[in-house]
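Here are the chains, one letter per residue:
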Amino acid sequence: MNGMDWVEFIRKTEDKMYHLHRAIDGIINEPDYKESVSALTEVVRDYQVLVEKAKDELRTVDLHRRRRDNHDLHDLHVHRDHRDFDHH
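Quick look at the structure, then. (Residues numbered from 1 in each chain as written. Predicted model: local features only at pLDDT ≥ 70, side-chain atom pairs only at ≥ 80, totals over all residues. Heavy atoms only, no water.)

## Some thoughts on the overall build of the protein
The criterion, for reference: We count a stretch as a helix when DSSP gives it H or I for four or more residues in a row; a strand needs E for two or more, and each element gets its number in order from the N terminus. Buried means the residue's accessible area, taken with a 1.4 Å probe over protein chains only, is under 20% of the maximum for its type, while exposed means over 50%, and partly exposed covers the values in between. Each accessible area is a Shrake-Rupley estimate made with a 1.4 Å probe; only the visible protein chains count as cover when residues are assessed.
The number of helices and strands found in the protein is two helices and zero strands. Within the protein, the fraction of its 88 residues that count as buried is 15%. For the protein, the exposed area adds up to about 7,500 Å²; of that, 54% sits on carbon and sulfur atoms.

Below is the structure:
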């Protein structure tokens, strides 16, 4: 996946986590839903692990992109400076 895919995955997963938290808050004090609260809390923890892994992947994508962009920028300056030098 590229950086934008990871960002979208993180956004969607965090949105799911938000809704799960709202559901948990709505039923947490209901004795009949004690097991459901436990299961939903576990799902939220699993999603959190996925989000952290996705953020790690995104950091890796950004690092490689920055290196490539900096290299390309350096090449642009070298070529431009060389062209300017040839014209004088």
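## Looking at the side chain of Thr-13
Rules: By definition in these notes, contact holds between two residues if any of their heavy atoms fall within 4.5 Å.
Structurally, Thr-13 can be placed in helix H1 (residues 3–27). Ignoring anything within four residues of it in the chain, the contact list for Thr-13 reads Tyr-47 and Val-51.

## Some points on H1
Our working definition: Expected span, for any helix, means 1.5 Å times one less than how many residues it has.
Taking 1.5 Å as the rise per residue, H1 with 25 residues should run 36 Å; its terminal C-alpha atoms sit 36 Å apart, in good agreement. Those residues of H1 that fall on the buried side of the exposure criterion are Gly-3, Trp-6, Ile-10, Thr-13, Met-17, Leu-20, Ile-24 and Ile-27.

## Considerations on the pattern of salt bridges
Quick note on the threshold: Here a salt bridge means any side-chain nitrogen of Lys or Arg lying within 4 Å of a carboxyl oxygen belonging to Asp or Glu.
One pass over the structure, following the stated rule, counts three salt bridges. For the salt bridge of Glu-14 with Lys-55, the shortest nitrogen-to-oxygen distance reads 3.6 Å. Taken as a pair, Glu-14 in helix H1 and Lys-55 in helix H2 (residues 34–87) lie far apart in primary sequence, 41 residues in all.

## Let's talk about the packing of aromatic side chains
The line we're drawing: Under the pairing criterion, centres of Phe, Tyr and Trp rings, with the six-membered ring standing for Trp, must be within 6.5 Å; the plane angle then separates stacked pairs below 30 degrees from edge-to-face pairs above 60, leaving the rest tilted.
Applying the stated criterion to the full structure yields one aromatic pair. Seen from their ring centres, Trp-6 and Phe-9 are 6.1 Å apart, and the 90° between their planes marks the pair as edge-to-face. Taken together, the residues span about one helical turn, with Trp-6 and Phe-9 both in helix H1 at a distance of three residues. Of the residues examined, Phe-9 reaches a relative accessible area of 29% and is grouped as partly exposed.

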